[in-house]
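Observations on the three-dimensional arrangement
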Amino acid sequence: MIDDPVLVNDWHVIARSADLAEGEVTRFRLLDEDLVLWRLGERVMAWKDLCVHRGARLSLGTICGETLQCAYHGWTYNAEGRCVRIPAHPEQVPPTKARTIQYAVTERYGWVWVCLGEPAQDLPAFAEWDDSGFHNVHCGPYYAHASGPRIIENFLDVAHFPYVHGGYLGDEDYPEIKDYEVERTAEGVVATDISVYQPNADGSGVGRDVTYTYKVYRPLTAYLIKTSGDLAFSIYFAVTPVSELESIGWMYVNMNDVQGMSDDEIRGFQDTIFGQDVPVVESQRPELLPLDLQAELHLRSDRTSIAYRQWLNDLGLSFGTS
């Protein structure tokens, strides 16, 4: 396992709950660790994808009732990860150490979250999830050959809107970023009062002056809300670190007024925005996010990024950074 306690002891999204069906075995990779996932009723098991007998992948196996059977020699494990049957020696009680390596799992916000270590804290809050005034639309998963911190920093960056998202989130005739506030709080990094003009702020095709608030709850979990008059549009964004240079983004777009748009239209708008970001983020060098502020040039408009990098450095994050 990687030597980064910050991420090892954090929660990471690995699947949509609805996509993890009972009776199916799923393989996933998190922080360079191969996992096998399977569901038994309301319970989800996340184990190291390894049979302790001869090291075969348990994800090749089969669910038999309330057990998972390895495809190589039929060793069978119960939901607690203990081997309960060795077909070659049916009379033998499996040794106590014949157990899988298990990881903490929880389900919330329609996602399956896994922690490879000891969870340091609860999942980040998602206020709009239980707010009947907002309509939640799941977007993604989005795949990128880039480090998780690079993707989160791009999410926090407003100065790229006119150039990467021209006609949508920005206009080259209005590139100026006025001064705004950033602070470190108990929640993490919070940036407020970021005002920009957007030709198509939410997919409805209407141009608006909007004001952003950004919050970074975890190294790889962030949130934004932008408002314009009575309209509010927020995004809850979690990036899963598959490896240092491979990430998956999971997102909820939340709107208090969908203005006649369908979920597919809302999702299509966000697919377009993320699709515009991917080639730029994948092109960045160094590929790992530099935490040394002397490594790249910074401006006043980069204040949120600067605070994010300083916060990661103080946390001691090493995975995905340089």
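The following paragraphs examine the structure supplied in this document.

Scoring rules and cut-offs
- Residues numbered from 1 in each chain as written.
- Predicted model: local features only at pLDDT ≥ 70, side-chain atom pairs only at ≥ 80, totals over all residues.
- Heavy atoms only, no water.
- Pairing = 2+ DSSP bridges.
- Helix = DSSP H or I, 4+ residues; strand = E, 2+ residues; numbered from the N terminus.
- Axes fitted to C-alpha atoms, helices over the stretch in contact; angles between N-to-C directions.
- Parallel < 35°, antiparallel > 145°, perpendicular 65-115°, else oblique.
- Left-handed = near helix turned anticlockwise from the far one by under 90°.
- Contact = heavy atoms within 4.5 Å.
- Nonpolar A, V, L, I, M, F, W, Y, C, P; charged D, E, K, R; others polar.
- 1 Å grid on protein atoms, 1.4 Å probe; cavity = no way out; pocket = protein on both sides within 12 Å on 5 of 7 lines; lining within 4 Å.
- Points joined across faces, edges and corners; volume = space filled by probe spheres on them.
- Salt bridge = Lys/Arg side-chain N within 4 Å of Asp/Glu carboxyl O.
- Buried < 20%, exposed > 50% of the residue type's maximum accessible area, 1.4 Å probe, protein only.
- Phe/Tyr/Trp six-rings, centres within 6.5 Å; stacked < 30°, edge-to-face > 60°.
- Lys NZ or Arg CZ within 6 Å of the ring centre and 35° of its normal.
- Expected span 1.5 Å × (residues − 1).

**A closer look at the sheet that holds strand E8 (residues 83-85)**
Here 4 strands make up an open sheet; going across it, the order is E5-E6-E7-E8 and the pairing antiparallel. A single partner strand is all that each edge strand has here, and the edge strands are strand E5 (62-64) and E8. Direction aside, neighbouring strands of the sheet carry axes that sit 40° apart on average. Both E5 and strand E6 (residues 67-69) contribute to a ladder of 3 bridges, which runs antiparallel. Pairing of Thr62 across the sheet is with Gln69, part of E6.

**Regarding the packing of helix H2 (residues 148-156) against helix H5 (residues 303-315)**
Interhelical geometry of H2 versus H5 gives an angle of 150° and a closest axis separation of 9 Å. Here H2 lies roughly antiparallel to H5, going by the angle between them. Note that H2 runs across H5; the crossing there is right-handed. In this structure, H2 contributes Pro149, Arg150, Ile152, Glu153 and Leu156 to the contact, and H5 contributes Thr304, Ser305, Tyr308, Arg309 and Leu312. Residue composition of the contact of H2 with H5, grouped by class: 5 nonpolar, 2 polar and 3 charged.

**A few points about the environment of Asp131**
Inspection of the secondary structure assignment puts Asp131 in the loop between strand E10 (111-115) and strand E11 (135-144). Taking the C-alpha atoms as reference, Asp131 lies 32 Å from Gly166; in sequence the two are 35 residues apart.

**Quick notes on empty space enclosed by the protein**
Taken as a whole and assessed by the stated rule, the structure comprises 6 cavities of 30 Å³ or more. Within this model, the largest cavity holds a volume of roughly 280 Å³. If you go around the largest cavity, you meet 25 residues; those closest to its centre are Phe155, His165, Gln270, Ile273 and Asp277. Listing elements by their share of the lining of the largest cavity, those giving two or more residues are H2, strand E14 (208-218), strand E15 (221-228), strand E16 (231-243) and helix H4 (263-283).

**Some points on the pattern of salt bridges**
Applying the stated criterion across every chain, the model contains 17 salt bridges. Two residues, Arg57 and Asp49, come together in a salt bridge whose shortest N-O distance is 3.4 Å. Note that Asp314 and Arg184 form a salt bridge whose closest N and O atoms lie 3.0 Å from each other. Of this pair, Asp314 sits in helix H5 while Arg184 sits in strand E12 (residues 181-185), placing them 130 residues apart in sequence. Given a relative accessible area of 42%, Arg184 falls into the partly exposed group. Several salt bridges share partner residues, and in doing so they unite Arg29, Asp32, Asp34, Asp49 and Arg57 into one network.

**What about H2?**
The buried count for H2 comes to 9 of 9 residues, which makes it a mostly enclosed element. Those residues of H2 not exposed but buried are Gly148, Pro149, Arg150, Ile151, Ile152, Glu153, Asn154, Phe155 and Leu156.

**Details of the pairing of E16**
The buried fraction of E16 amounts to 13 of the 13 residues, a majority that puts the element mostly inside the structure. Strand direction decides the pairing type here: E15 and E16, joined by 8 bridges, are antiparallel. Within E16, the position partnered with Ala222 by the bridge is Phe237. Alignment of E16 against strand E17 (residues 246-255), held across 10 bridges, turns out to be antiparallel.

**Focus on the packing of aromatic side chains**
Throughout the structure, instances matching the rule amount to 22 aromatic pairs. Between the aromatic rings of Tyr109 and Tyr236, the centroid separation amounts to 5.5 Å while the plane-to-plane angle is 70°, which identifies the pairing as edge-to-face. You can see Tyr109 sitting in the loop between strand E9 (104-108) and E10 and its partner Tyr236 sitting in strand E16, a full 127 residues away along the chain. As far as burial versus exposure is concerned, Tyr109 and Tyr236 are alike and both buried. For the ring pair Tyr174 and Tyr197, a centre distance of 5.2 Å and an interplane angle of 55° mean the geometry is tilted. On the criterion of sequence distance, the pair formed by Tyr174 in the loop between helix H3 (161-164) and E12 and Tyr197 in strand E13 (residues 188-198) is long-range, its members being 23 residues apart. Its relative accessible area of 51% is what places Tyr174 among the exposed residues. Over the ring of Phe233 we find Lys226; its NZ or CZ atom is 4.8 Å from the centre of that ring. Lying over the aromatic face of Tyr180, Arg303 brings its terminal NZ or CZ to 6.0 Å of the ring centre.

**Considerations on H5**
With 13 residues, H5 ought to run about 18 Å at 1.5 Å a step, and its terminal C-alpha atoms sit 18 Å apart, in line with that. Burial in H5 covers these residues: Thr304, Ser305, Ala307, Tyr308, Arg309, Trp311 and Leu312. The first or second residue beyond H5 is Gly316, which carries a positive phi of 90°.

**Focus on the layout of surface pockets**
Any space left empty among the atoms is revealed by the rolling of a water-sized probe across them. When its volume is computed, the largest pocket comes out at roughly 300 Å³. Taken together, the elements giving at least two residues each to the lining of the largest pocket come down to H2, H4 and H5. A class-by-class count of the residues in the lining of the largest pocket yields 4 nonpolar, 5 polar and 7 charged. Here the second largest pocket is characterised by a volume of approximately 210 Å³. Together, 14 residues line the second largest pocket, and Gln121, Tyr217, Arg218, Pro219 and Leu315 are the ones closest to its centre.

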